[in-house]
Amino acid sequence: MGEEQAAWAAVPGAAEQARSLLAAAWSCMVTADGGREEFVGAHAVADDGRVLLHVPEDSALLAAAICAPRGEPSAVLEFTDVAPVPVRNRIRARLWMAGWFVPSDEHLVFQPTRVVLRRPTGAVVVDLDEFAAANPDPLAGAEAGLLTHLADAHPDAVERLTRLVEPESLHAATRVRPLAVDRHGLTLRIERTRAHGDVRLAFHAPADDVARLTERMHVLLAQAAASCPRTLQRQRADGDG
């Protein structure tokens with residue numbers, strides 16, 4: 001099963017996923033002029049995807065940005081997408097942006113020249129025009145709270161949703177947790193004793209806000225209720241047999 005997803009499952013494109021990761025990230029790792037420094041809660045994102053980084057006036061990064069030749073790549077920014085729900089292998093994706101900083105009045109403006117998104121399925125170079133034009137997923141900012149609430153307050157609902165998963169994908173499963181949610185669908189992490197894999201449950205229509213997401217989840221749960229009641233507990237028994 002592994003990383004395979006059903007052919008019908010809609011997923012966000014690379015540019016949208018990169019912008020969503022950027023919008024939700026809280027920290028930024030910067031490598032420049034031979035140094036490496038992490039900035040927490042210090043960046044914002046412009047509409048076109050440029051990163052606005054607030055740094056102290058005595059920052060070595062600020063001095064390096066001022067001295068760097070204009071237009072030459074002078075830094076690499078790294079953002080990490082970590083699953084908000086505790087699961088095995090919590091890093092869902094990484095985003096690298098190479099480019100240069102332009103000093104501004106109150107911050108450094110980072111102009112990317114190369115954007116690379118690494119997902120479990122591999123790395124992809126994101127087209128710069130597509131990256132600039134893409135919008136982050138409308139649920140990106142709320143995803144962490146939504147997933148932790150689902151995992152902590154509604155574990156029974158997560159287990160019911162496994163009725164929508166192919167039986168072979170649940171073989172020897174020990175735990176199923178919500179891994180990701182976006183306007184296109186919900187991803188479940190299926191863990192086994194020494195392995196894990198992900199399954200995508202697509203929504204019947206995009207969920208562009210939390211209210212629509214609630215309706216889409218109710219549809220999935222209704223579909224699960226109408227499906228064969230082969231729950232995770234049954235699969236645990238099968239896997240142990």
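Refer to the preceding data block for the structure.
Everything numeric in this text was worked out from a predicted model, so none of it was measured. (Residues numbered from 1 in each chain as written. Predicted model: local features only at pLDDT ≥ 70, side-chain atom pairs only at ≥ 80, totals over all residues. Heavy atoms only, no water.)

**Focus on the overall build of the protein chain**
In step 1: Helix and strand counts for the protein chain stand at seven helices and eleven strands.
In step 2: Looking at the protein chain as a whole, 41% of its 241 residues qualify as buried.
In step 3: When contacts within the protein chain are restricted to residue pairs at least 6 apart in sequence, those whose partners lie at least 24 apart make up 57%.
In step 4: Carbon and sulfur atoms make up 51% of the accessible area of the protein chain, which totals about 12300 Å². (Helix = DSSP H or I, 4+ residues; strand = E, 2+ residues; numbered from the N terminus. Buried < 20%, exposed > 50% of the residue type's maximum accessible area, 1.4 Å probe, protein only. Contact = heavy atoms within 4.5 Å. Areas by Shrake-Rupley, 256 points an atom, 1.4 Å probe, with all protein chains shown as cover.)

**What to know about the pattern of salt bridges**
Should the charged atoms of two oppositely charged side chains come close, the side chains can pair.
In step 1: Going through the model one piece at a time under the given rule, you end up with 13 salt bridges.
In step 2: Note that arginine 92 is salt-bridged to aspartate 81, the shortest N-O span being 2.7 Å. Within this pair, whereas arginine 92 is found in strand β6 (residues 91–103), its partner aspartate 81 is found in strand β5 (residues 75–82), the two being separated by eleven residues in sequence.
In step 3: For arginine 183, the salt bridge identified is with aspartate 208, shortest N-O distance 3.8 Å. Here arginine 183 is found in the loop between β9 (175–182) and β10 (185–191), whereas its partner aspartate 208 is found in the loop between β11 (196–202) and α6 (210–225), with 25 residues between them in sequence.
In step 4: Owing to a relative accessible area of 40%, aspartate 208 belongs among the partly exposed residues under this scheme.
In step 5: Beyond isolated ion pairs, a larger network of salt bridges with shared partners links Glu16, Arg183 and Asp208. (Salt bridge = Lys/Arg side-chain N within 4 Å of Asp/Glu carboxyl O.)

**Comments concerning the sheet that holds β9**
In step 1: One open sheet accounts for three strands, arranged β9-β10-β11; its pairing is antiparallel. With one partner strand each, in any of the chains shown, β9 and β11 form the two edges of the open sheet. On average, each strand axis in the sheet is tilted by 25° relative to the strand beside it, whichever way the strands run.
In step 2: In this sheet, β11 lies alongside β10 in antiparallel orientation, the contact comprising seven bridges. Paired with threonine 187 across the two strands is arginine 200, which belongs to β11. (Pairing = 2+ DSSP bridges. Axes fitted to C-alpha atoms, helices over the stretch in contact; angles between N-to-C directions.)

**Examining the nonpolar core**
In step 1: By size, the foremost hydrophobic cluster in this structure holds 30 residues, and its most contacted members are Val30, Leu61, Leu77, Phe79, Leu95, Met97 and Phe101.
In step 2: Put simply, the parts of the chain that give this core at least two residues each are α1 (14–24), β1 (27–32), β4 (51–53), α2 (60–67), β5, β6 and β7 (108–119).
In step 3: Not counting chain neighbours up to four residues away, the residues in contact with methionine 97 comprise Leu22, Gly49, Val51, Ala75, Val76, Leu77, Phe79, Phe110, Pro112, Arg114, Val115 and Phe131.
In step 4: Core analysis: the next-biggest nonpolar cluster, separate from the first, contains 27 residues, Leu161, Leu186, Leu188 and Ala207 among them. (Core = buried A, V, L, I, M, F, W, Y, C linked by side-chain atoms within 4.5 Å.)

**Details of unusual backbone geometry**
In step 1: Unusually for a residue other than glycine, asparagine 89 sits at a positive phi of about 55°.
In step 2: Checked against the element boundaries, asparagine 89 lands in the loop between β5 and β6.
In step 3: You will see that alanine 172, though not glycine, has its phi angle at about 65°, which is positive.
In step 4: Positionally, alanine 172 belongs in the loop between α5 (155–161) and β9.
In step 5: A relative accessible area of 27% places alanine 172 in the partly exposed class.

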